[in-house]
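Architecture and fold: a report
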Amino acid sequence: MAWDFQTEPEFQAKLDWADEFVRREVEPLDLAFPDTAAPYDRRNPVYKKITDPLKAEVRKNGLWACHLGPELGGPGYGQVKLALLNEILGRSMWAPNIFGCQAPDSGNAEILAHYGTEEQKRKYLKPLLDGDIVSCFSMTEPQGGADPREFRCRAVRDGDSWVIDGEKYFSSHADLAEFLIAMVITNPDVPVHQGASMFLVPRDTPGLNIVRLAGLGHEPLGHGHHAYIRYEHVRVPRENLLGGEGQGFLIAQTRLGGGRIHHAMRTVATVRKALRMMCERALSRRTQGGPLAEKQLVQQAIADSFVQLEQFRLLVLYAAWHIDRGDRNAARTYIAAVKVQTAEVLHDVVRRALHVHGALGCSNEMPLVNMWMTVPVMGIADGPTEVHKVTVAKQVLKEYRPYDGLWPRDFLPERTAEAKAKFAAYLDDL
Ligand SMILES: Cc1cc2nc3c(=O)[nH]c(=O)nc-3n(C[C@H](O)[C@H](O)[C@H](O)COP(=O)(O)OP(=O)(O)OC[C@H]3O[C@@H](n4cnc5c(N)ncnc54)[C@H](O)[C@@H]3O)c2cc1C
């Protein structure tokens, strides 16, 4: 039976362990240490003391760095199993770091593994996989956003070095990272898919200046970890080029696909939590003579949320299944579709859950407003919704051809005449 919606018992046992472990040991970290960058702060001895034993337990249970194949120290379970695990990890901001699969390090590790030289892997990939350091992906620019055709940040060859000049915005965790992967233009005279390159830039390289750290909307001004960086004559040796010269665009595509689906997997957890909170509140809160759960409009909110969650979850798992099968074309379509749905489902379900909680939902005494703040991020990070809708449409359109003829294929007068001709003898009998 190929279409099976059950998890095999051995892996289910691991998921059950992870579920309990995250509830008992990891979710409390979110409440005790709520700074969004804290899970990435490897230099803090207090965090290290708390998290090292937790990471060791994850390793012991075979769930460390589940996004990676065995050749890179991961168990190589594949994306479907990773999706099932991420449905648990997404409940906690700290969990991905405790399980060694946090963005953007997961994507950075993947491209280092794909395109890195042996020396680059030894120097950057190994400590990243071991969880000893964190990294940063530095692509988006203040003027040009994330569209490489608009990039102004340039690198020019100077002897055995490359010299980088320009600005980057929203380079997350640049302040905590040991190294950055910077995507810059190395040849402005050719189309960008041949003219951009990736460089490994150690954080302490002279000229790599953090102008300021932006935060998200709910963080006070001056707090946050999304760096506005000025690269001022940043000199890196030639061997810090990742992949070939001009391969930046290709490498970025490899990286972002994984990131998008992993966000979606974790969003399943957030949406599921919002639905649970909505249901519990609807059953507990009484108004006008009965529990909210008896009001039909509240029932509609619950039913719509359940349907959206289940559809979204199946779409995520189906996209993961396509990745596991190595079907790159289908994976591209489904990852883009999932990316579109992530923000929409999160938006709809969290808004309803918040609304059903009334004033309490709007307050800072429930996690709902924080969940709500992740909605715009999911619609923008790794590319805005519109861009992914265009991808879906283009992919879908590839399956179809224009129909020759004056009228469309389903033009009823022609189709009916054909059908009647086929059954003419019977029609005559009738
Ligand atoms: C929390 C967070 C973390 C991030 N971390 C990083 C990071 O670590 N490194 C990094 O390099 N970047 C990072 N980014 C930046 C992110 O990749 C970009 O914000 C994203 O790709 C969109 O680019 P932009 O902000 O320039 O928006 P724009 O490209 O300016 O888009 C703005 C709006 O314009 C419209 N639009 C854009 N393109 C189209 C189109 N083709 N068709 C129709 N409408 C369109 C959409 O409405 C879109 O929302 C992060 C962003 C967030 C929110």
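Bear in mind that the values here come from a model prediction, so they are computed numbers and not experimental data.

Counting its regular elements, the protein contains 15 helices and ten strands. Its C-alpha atoms give the protein principal-axis dimensions of about 90 × 65 × 45 Å. A total of 430 residues make up the protein; the buried ones form 47% of that total. At a minimum sequence separation of 6, the contacts of the protein that also span at least 24 residues come to 70%. Here the protein displays about 22,500 Å² of accessible surface, and carbon together with sulfur accounts for 55% of that area. The centroid of the 51 positive side-chain charges in the protein is displaced by 2 Å from the centroid of its 54 negative side-chain charges.

So, about the pattern of salt bridges. Inspection of the entire model under this criterion finds 22 salt bridges. Where R149 meets D147, a salt bridge forms, and the shortest distance between an N and an O atom there is 3.1 Å. Exposure remark for R149: the relative accessible area of 64% places this residue in the exposed category. Of the residues examined, D147 reaches a relative accessible area of 25% and is grouped as partly exposed. Through salt bridges with shared partners, a single ionic network connects D19, R23, E27 and R91.

For the rest of this paragraph, the subject is the environment of W321. Turning to its location among the elements, W321 is positioned in helix α9 (residues 296-324). For W321, a relative accessible area of 34% corresponds to the partly exposed category. Sequence separation of W321 and R235 is 86 residues, and the distance between their C-alpha atoms is 42 Å.

On to the side chain of K55, then. Along the polypeptide, K55 turns up in helix α2 (residues 45-60). Buried charge K55 goes without a salt bridge, the closest partner of opposite sign being D52 at 4.8 Å. Not counting residues within four places of it along the chain, the set of residues in contact with K55 comprises R42, W64, N97, I98 and G131.

Residues F423, Y426, L427 and L430 make up a contiguous nonpolar surface patch of roughly 500 Å² in combined accessible area. You can call F423 partly exposed: its relative accessible area is 41%.

The ligand sits among 18 residues. The nearest are F137, T140, F170, S172 and E386. F137 places a polar main-chain atom, nitrogen or oxygen, 2.6 Å from a nitrogen atom of the ligand. Within the backbone of G383, one N or O atom sits 3.4 Å away from an oxygen atom of the ligand. Out of a free accessible area of 980 Å², the ligand has 62% covered by protein chains. The set of elements that each furnish at least two residues to the shell around the ligand consists of β1 (135-138), β3 (161-172), α12 (368-380) and α13 (385-397). Here the residues of the shell around the ligand sort into ten nonpolar, six polar and two charged.

Cut-offs used in this document
Residues numbered from 1 in each chain as written. Predicted model: local features only at pLDDT ≥ 70, side-chain atom pairs only at ≥ 80, totals over all residues. Heavy atoms only, no water. Helix = DSSP H or I, 4+ residues; strand = E, 2+ residues; numbered from the N terminus. Buried < 20%, exposed > 50% of the residue type's maximum accessible area, 1.4 Å probe, protein only. Contact = heavy atoms within 4.5 Å. Areas by Shrake-Rupley, 256 points an atom, 1.4 Å probe, with all protein chains shown as cover. Lys, Arg positive; Asp, Glu negative; His and termini not counted. Charge placed at Lys NZ, Arg CZ, Asp CG, Glu CD. Salt bridge = Lys/Arg side-chain N within 4 Å of Asp/Glu carboxyl O. Patch = residues over 30% accessible without salt bridge, like charges linked within 9 Å, V, L, I, M, F, W, Y side chains within 5 Å. Near = heavy atom within 4 Å. Polar contact = N/O pair within 3.5 Å; in protein donor to acceptor, adjacent residues only side chain to side chain. Nonpolar A, V, L, I, M, F, W, Y, C, P; charged D, E, K, R; others polar.

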